[in-house]
Every structure is written in C-alpha cells, then in structure tokens.
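Observations on the model geometry
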Amino acid sequence: MTQFLDTRSLPGPEDITRKVLPNGITILTRSNFNSPSVVISGYVAVGSYLDPSDKLGLAHFTASALMRGTKSQNFQTIFDKLESAGASLGFGASVHNTSFSGRSLAEDLPLLITMLADCLRHPTFPQEYFDRLQVQLLTSLSIRAQDTTEMAAITFDQLLFGDHPYGRPEDGFIETIQKITRTNLVDFHREYYHPKNLVIVVVGAVEAQAVFDVIEAVLGDWQNPVQIQPAELPVILSPSKTIRRHIELAGKSQTDLTLGMLGPKRKSQDYLPASLGNSVLGQFGMMGRIGDAVRVKAGLAYDASTSLNAWIDGGSWEVGAGVNPVNLQKAIDLILQELNHFIEEPVTNEELADSQANYIGRLPLSLESNAGVANSVLNLERFDLGLDYLQRYAQSIRAVTPEAVLETARKYIHTDALVIVSAGTNL
Amino acid sequence: MLSEIRQEKLENGLQVNLKEIHSAPIISHWVWYRVGSRNEVAGKTGISHWVEHMQFKGTPKFAPGVLDRAISRDGGFWNAFTFLDWTTFFETMPADKISLALELESDRMVNSTFPPEEVESERTVVISEREGNENEPLFRLDEAMQSAAFASHPYRNEIIGSVEDLHAIQRNDLYAHYQSNYCPNNAVLAIAGDFDSDEMLELIHKYYSPIAAHAVKTHLPGDETQLTSEQHCEVKGPGDTTYLQLAYRAPTAANEDFFTISVIDSLLTGPSGLNMFGGGGISNKTSRLYRALVEKEFAISVYGGLQATIDPYLYNINVTLRPGHKPEQVLGVIDNEINRLQQSLIPQIEIDRAVKQARALFAYGSENITNQAFWLGYPEMFDHYEWFEQYVEKLNQVTPQKIQTALQEYLQPQKRVVGIYLPEEVAA
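1. Notes on the overall build of chain A
In terms of regular secondary structure, chain A is built from 15 helices and eleven strands. Here chain A has a C-alpha radius of gyration of 23 Å; the compact-globule value for 427 residues is 22 Å, and the two agree. Projected onto its principal axes, the C-alpha positions of chain A cover 60 × 55 × 40 Å. The buried share among the 427 residues of chain A stands at 52%.

Written out as structure tokens, the structure reads:
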C-alpha cells in the first residue's frame, strides 16, 4: 500500500504559529482565507477532576455560568453583542479541561476574543442566573435519567473507573448539583482559573500577528496569585472479573448496551495500534467486524460499533449497541464472539491495510473546515504531539503491524473481565 | 461563496449542477431523487427510507460491503438521507478518487438487486432505528403532532414509517418503489470541489448518459385542507419533564412568505441554520421567546424550526418546561408575545440583525465542501438552485409590514396544533 499524501498541505510548523505570553497563555493560530469566517477553540486546565465528591458537577456548573454576567456586562448585553454579530461562544467542562469554542465572521474576531477574556476573567455569577441555571441543570439531569444511552454510559464509567474522576459524570447528579451554591462557583473560579494553563487556538481569515495583538490586549495582563495544588488522582485498576449491570428504565422500546474495558492513555505507545485495531473491530466501513456481525448479518441493531476513548490518565475501549430488549443477550453473545476472535488471531494484513488507508486518506477531509483544523491543532498541544504530528501521521500509521495490534488487544481485552451495562425496559 | 456554478441537463433528463472549489483536494458528489415520505401511500409509510437503506445492499457489479470498503479505503465517507420531499446519497472523497462515486451512484440508480434475505435483515435494522427514536419523548410527540396537523397529506407520517407498515412491506413493494422513482429524469446530480468542470462533465457523460430515462410513477399527494380550528394532542410517557410544541402550517419554500417566516422564526426563537454539515449554530438567548419563557423562568429551553418543502409543512416552536409550570400557562406567554408582534411594527434594525445572522451562518457553512455540495442540490428539491443564491437577498427584502402581515396570516391559534408531552409514572 503506497498512498500519496501531500504533507505540505497539512497544518504543520510552517503555517501554525505558536506563541506563549509572559503570563503563560499559549496561543496557536493558522490562517485560512478561503471563507470570511474564523473559529476559536481552547481550554483552561480546570475540570471535573477538581470536583469535591459531594459537589460533582461543580466544574461544569462553573463553566456553564461564565457567560451569565461579568463585572462590566450583564447576560443580555453579552448575548446581544454575540448574537447581533451572528457569532457564538460557549464553555463546557470535561474531566481535565474547561473548553471553549466560538466562531464569528472574521471582522468580529476582536468582539469574540474580548468576550472570551471577559467571561474567563471577570464572571460575577449573579445569584438570579445561578438559580435559573441550577434548575436548568437539574432538568437536564432528569432528562438524562430517562436516556438509555446516557444511563448505560454513565454506569459503565462508574463501574470501570471506580473512584477515579473518569468514573464520575462531569455534569454530576441531581443531589450533588442541589448542594452547590453560588459561593462554590465564585471560589472555584478564583482558585483554579489561571492564565498559565490557558490555551487558545484561532483558525480562519486572519493573520497571526493580528491574533496575537488582540489576545495580548485583553489577556496579556491577566494574573492569578492563588496557587492550589490539586490532589493526586487515584490509580485506575482493571476489573478482576466481569461485572454485569442492568439499569431499568420503563416504557422504552430500545435497550442500549455499553460493554468494554480499560484502554490506553492518549500518549501511550499503545494508542495507535489500539486505534487501528478498534477501527477493524468496530469502525471501518459499516462499523467493522462488530457492525458486520450485529447489524449487517444478524439485523439486530441500527447502531453497533466500538470506540476508543484515550485521555491523559487512562482510557476506555467500548462497544455500544441499541437493540430490542428480546435481542439483548444475542447481541452480547455476538459481540463477545468478535472480541474473542480479535484476541485469538491477528487482524489480516488486508484488514489492517484497509484501516490504515482510511486513516491516511481521511485526514485532509477532517481538516477542511476551520473547526476541524482548530480541533486538530488543539490536540497537538493538549497531548504534546508536536506541531509536525500531522505531517508525520501517515508514517506512524503505516508502521503499525498486525502483530502490534494483536499484542495491544491482548493487553487490554480480557473477555472474562469486562464491564457490561444495559439500560432499558425489563423483559 | 456565491461563485459561478455550471448547470447542464443530460439527454436522459438528469439535471447536473457543478461548482468548482479549489481550496482543498476534495470533491463531494451528491445524487438527489425527487421522492420522499411525501410520495408514500397508506400502508407503505417508511418505504422511501427503507429503499434508501436497500441501496447499500448491492448490485451485480458491486456486492454488498464492497463499496463500503472501497470508499473507506480511499479515506472518503458516504451516507444517505431520506426526508419529506427527497432522498439523497453522497460521497465525499479525495479529489483523485471521485470517479468511484460516479461509478457507484450511476450503477445503483438502476441496478440494485434488493436480495430477499437482505430485505429481511434490513427490516429489523429499520425497526431497531425506529425503536431508538421511540425512546425519545420528542419523537413520540412529533409523531402525534404531524398526524394531527394533516388530515390526508403524507406529511402526516413519520419518515421512518409506522411499525405496522414496516412489518407489512415486502420486497416487491420496495423494488417497485425503487423502479418507479430512481431514474435520471427524476434526479439531480450536484458535485462541488477540486475539479475542472469540462473534465467532470466528460466523466458524468461516461457514467450517467448511458442510463435511459423512463416514466416516473411517483405518487403525488392531493391538496390538504386548511386548519380551521386549533388541534390538540397529548402524549404521555416516562420521565419527569413536560414538553410543549406548537405547529403552525407554514408556507412552501418557493413562496415569498417563507423568507418572512424565517425572519419571524429568528425574532421569536433565534436564528436557525439550514446547513446540513458544519457551521454550528448561533445561540438564541436574546430572542423574544427565550426572554419571555426562559428568562422569566417558565421554561428551560425554547427553539423553533422551519423546513423548506414543496407543499406547505409546519413551523414548530418547541419548549421544555420548567418543573412546576403548566403547559397552558406557557402557551399563554407565547401567545402574548406573538400578539405583541402582530399588533405593532418591529424596527428595521431587527430584520438587519436576522440578515447578518443568516450571512454568518452561510459563511460558516461555506468552509466545508460537503456542505457546499449539499447546497448545490438541496434547493432543487423544492425550488431551484437560485433559491439558495437569493436567500440572503430575499431576507433583505422582508419589511416590518410584511412581518406583521405574515404573523397575522400564519400564526393564528386556529391554524395550529398544540402538543403536550406529559410525564407519567410507568409501572415497572
């Protein structure tokens, strides 16, 4: 398999400009004048890993409240400015980060960056908006409690990761959101939001210098003297035997299944072999071997696929499917059969070559929009992959062998020690 | 983004729209058929969507699974969608691989075999897709609303079809539906991306010109009567959350009033992007109904939806209620807001704002070649390509007076359906 990929057209050190401001803010930017728009994307290293166990959802709540009012602008002013310009900006928290993303016409980039800076630095968390948001979050959690996919996924994470923050939902639980007060948000913001762990990526119809100028003007003088060392995270341990759990949700036509095990960290050497193996197992074409067995051949599910989630401190390797309750055990059996096959024999050269070609060929497609480029550039920074990562990518993908895939699969997949969760109506 | 497009019609009736975009080495290729749930008859609901699924099940030239593999290997992606008025299939590929897309789409335009065993396994896949939808309260409410909103027009049915019909439809029904509707003279081919139009036309002739035109036997719906009194429907199901939905009969996409209603939607519930891929949205926190419902703590969220269709469809307003409020109370607040708009002219500046929002949404969508190719074909399904080119200009022509008139004509209580999803305890 030789596949031509013009690496010069891919984002790399030649056209991604990176700058670190004296207060620690990292800026990455890449120009694209094909469309008159611009996107921003980034994060502060503040996430649910900092949530106290009785106040799960605090990082998420704080992120959601950043735009509800600042020292100089109220809620209506903030959104009137953004929406009048056809711009958007939003914040959300994950385990390690509070991320933001926004977009505007290129002419409105200063508005977008100024708004970002104001919401990051000077949120006031007005009580009225705190109360309103709390009810909104609680309602979302009530809706979540009825969602078969979400409930299977949350329970799966709890059983797989235990006390580690990966095992706790970022948006918390009804009882933990109820315990959070406005003061908690104010304190959380003061203690953890720092310029030194802020990364901003800007991609679109704007020159690098203009990006640096506008960011420095509104964020260059940000300092936070508070320094709190977060507690060490617990060690993640694999389950020693299979754990099976069913969440009963009455009145549902479909049962959702999440089944899986731990996976590699993003920076692990195992990541690429696991990722390509995952593609063969449950992604490639119509969802790989598992899609072929469960959907195409057995006709049991509209959706049956696998996913590899690799983060900083660990990861998960999951199979998901939505099936009629009467077909649940049949689907589990078919999936187990495929997992066993996957660790018994190496994937064929042909299967691996298919997925390798897919990974290399789709790269330009994932980078056609500004948001796609921004997301990729952000990952280069987040996982310390190097600015030339995308240009080296094809080579790294081609270097993976069927033996490496098998070895990695055997390291992570133990079919007698899985977490298997279903959510839906009892039969 | 409104660069020149090239339009041709092949002798067999296939409409071809081409747009060169040289920003990335990518081409997106779409075939649109003028058939959707609008063209279905009683007892056969969901047949268009199921036929779309069967188009992935092979021809004598390409066995099932072969194409999936070939496209994925080239780093491309493909998919298909069935809607009220149309069914579409697309492939986005690295530019030097695009001939595969032309080869496979021209092949399956007439050569799909619909093997009986594949029909049966796809029956359960489609039913499973529907069961996944049924898990969502809003799908169930939507289904009830649509059937209350139309007495006879097929827009009253869910695109995926009823469970009864999905059990009853047979291979011969599917194949007949395919043969009646899939032909060059009932299709539009839209290709955007990194190519030379003359060279692309040669390729198009090679693959598509040999396909013969034939008589299209698409079932066309009869006229639907006006709604003359407010309709109500109530769905009960699991959960703790109440939803309220209003559905007003909307103008067709080709009607000038469509653009006025688009601006009204923007004023009431915020701008809605029509992009299918990419672009994202703009928040709606300064819209009138967000302020009246969410800021005043009657609701958790509100959004609106308007579809571009051949026949008059629906303008929807959807509200997730805050616990402790009754749907009737929320309905009163919405009616107050609409009444206020009906009674006084809005400032021109609000229309200008809606126009800028639309311009921004189109700019975001133009970053993405797949989305640009989508726009090249989509408007042909309910009007013409010019509909898209003139979209922003048409919004610009909306005046405060037109808004008031349209509000008075379309947003009347007697011309709507009020739907409520009420949570109930379900026995375990």
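2. Remarks on helix 1 (residues 47-54) of chain B
Among the eight residues of helix 1 of chain B, seven are classified as buried, and the element is accordingly described as predominantly covered. Buried-residue contacts for helix 1 of chain B involve strand 4 (77-82), strand 5 (87-94), helix 4 (116-134) and helix 7 (171-181) of chain B.

3. Regarding the interface of chain B and chain A
By a widely used convention, the size of an interface equals the accessible area lost when the partners come together. Opposite the 58 residues of chain B that make contact, chain A presents 54 residues. Residue assignment for the side of chain B that touches chain A shows that the elements contributing at least two residues are helix 2 (66-73), strand 5, helix 4 and helix 12 (348-365) of chain B. In terms of residue count, helix 4 of chain B provides more of the side of chain B that touches chain A than any other element does, nine residues in total. By residue class, the composition of the side of chain B that touches chain A is 19 nonpolar, 23 polar and 16 charged.

4. Some words on the domain arrangement of chain B
Residues and elements named next belong to chain B. Annotation of chain B at the domain level lists domain 1 (6-208) and domain 2 (231-423). Centre-to-centre separation of domain 1 and domain 2, based on C-alpha positions: 28 Å. Counting residues at the interface gives 31 residues for domain 1, matched by 27 residues for domain 2. The dominant element in the side of domain 1 that touches domain 2, judged by the number of residues it contributes, is helix 5 (residues 137-149), at eight residues. The class makeup of the residues in the side of domain 1 that touches domain 2 is 19 nonpolar, seven polar and five charged.

5. Observations concerning the nonpolar core
Formed by 245 residues in total, the largest nonpolar core has its most connected members in L116, V201, V294 and A331 of chain A together with L189 of chain B. The dominant element in this core, judged by the number of residues it contributes, is helix 12 of chain B, at nine residues. If we ignore the near neighbours within four places in the chain, the residues touching V294 of chain A are L300, A301, A304, A321, A331, L334 and I335 of chain A.

6. Focus: the pairing of strand 6 (residues 198-204) of chain A
Residue and element names in this part refer to chain A. Among the seven residues of strand 6, seven are classified as buried, and the element is accordingly described as predominantly covered. Covered by surrounding structure in strand 6 are L198, I200, V202 and G204 together with V199, V201 and V203, the residues of both alternating faces. Pairing of strand 2 (residues 26-31) with strand 6, which is carried by six bridges, proceeds in the parallel orientation. In the sheet register, R30 faces strand 6, and the bridge partner there is V203. Bridge analysis of strand 3 (residues 37-44) against strand 6 gives seven bridges, and the strand direction is antiparallel. The residue of strand 6 that forms the bridge with I40 is V202.

7. With respect to the domain arrangement of chain A
All names here are of chain A. Each assigned domain of chain A is listed with its residue range as follows: domain 1 (7-219) and domain 2 (243-424). Of note, the centres of domain 1 and domain 2, computed from C-alpha atoms alone, are 28 Å apart. Taken residue by residue, the interface counts 34 residues in domain 1 and 37 residues in domain 2. Only strand 2, strand 3, helix 5 (148-161) and strand 6 provide two or more residues apiece to the side of domain 1 that touches domain 2. Considering each element in turn, the side of domain 1 that touches domain 2 owes the most residues, nine residues, to helix 5.

8. Looking at the packing of helix 1 (residues 58-65) of chain A against helix 7 (residues 182-192) of chain A
What describes two packed helices is the angle between their axes and the distance between those same axes. Residue and element names in this part refer to chain A. For the pair helix 1 and helix 7, the least separation of the axes is 10 Å and the interaxial angle reads 90 degrees. When the axes of helix 1 and helix 7 are compared, the pair comes out roughly perpendicular. Between helix 1 and helix 7, the residues in contact are L58, F61, T62 and A65 and N184, L185, F188 and H189, respectively.

9. Quick notes on the sheet that holds strand 7 (residues 243-248) of chain A
Strands in a sheet are paired, the pairing made by backbone hydrogen bonds, and the direction either parallel or antiparallel. Residue and element names in this part refer to chain A. The strand order across the open sheet formed by five strands is 7-11-8-10-9, and the pairing between neighbours is mixed. Every interior strand has two partners, whereas the edge strands, strand 7 and strand 9 (301-310), have only one. Put simply, the sheet's adjacent strands are angled 15 degrees from each other on average, direction ignored. Here strand 8 (residues 255-263) runs beside strand 11 (residues 419-424); their pairing, made up of five bridges, is antiparallel.

10. Some details on helix 15 (residues 402-412) of chain A
Residues and elements named next belong to chain A. Among the residues making up helix 15, those that are buried are P402, V405, T408, A409 and Y412. Seen end-on, helix 15 carries its buried residues on one side only, within an arc spanning 130 degrees. Relative to its buried face, helix 15 has exposed residues pointing more than 90 degrees away, namely E403 and R410. If you follow the buried residues of helix 15, they end up packed against strand 8, helix 9 (271-282), strand 10 (315-323), helix 11 (328-344) and helix 12 (349-366).

11. Looking at the environment of E128 of chain A
Among the secondary structure elements, E128 of chain A is positioned in helix 4 (residues 127-144). Separated by 54 residues in sequence, E128 of chain A and R182 of chain A place their C-alpha atoms 9.8 Å apart.

12. Quick notes on the sheet that holds strand 2 of chain A
Residues and elements named next belong to chain A. The strand order 1-2-6-3-5-4 describes an open sheet built from six strands, whose pairing is mixed. Edge positions in the sheet fall to strand 1 (17-20) and strand 4 (88-93), since each has one partner strand and no second. Within the sheet, the average angular offset between the axes of one strand and its neighbour, ignoring direction, is 15 degrees. Relative to the sheet, helix 3 (residues 109-121) contacts strand 3, strand 4 and strand 5 (98-105), its axis offset from that of strand 5 by approximately 160 degrees.

Calculation criteria
Residues numbered from 1 in each chain as written. Chains lettered and ligands numbered in written order. Predicted model: local features only at pLDDT ≥ 70, side-chain atom pairs only at ≥ 80, totals over all residues. Helix = DSSP H or I, 4+ residues; strand = E, 2+ residues; numbered from the N terminus. Rg over C-alpha atoms; globule rule 2.2 N^0.38 Å. Buried ≥ 20, exposed ≤ 12 C-beta atoms within 10 Å, placed from the backbone. Contact = placed C-beta atoms within 7 Å. Nonpolar A, V, L, I, M, F, W, Y, C, P; charged D, E, K, R; others polar. Domains from an automatic or database assignment. Core = buried A, V, L, I, M, F, W, Y, C linked by C-beta atoms within 7 Å. Pairing = 2+ DSSP bridges. Axes fitted to C-alpha atoms, helices over the stretch in contact; angles between N-to-C directions. Parallel < 35°, antiparallel > 145°, perpendicular 65-115°, else oblique. Arc of directions from axis to C-beta.

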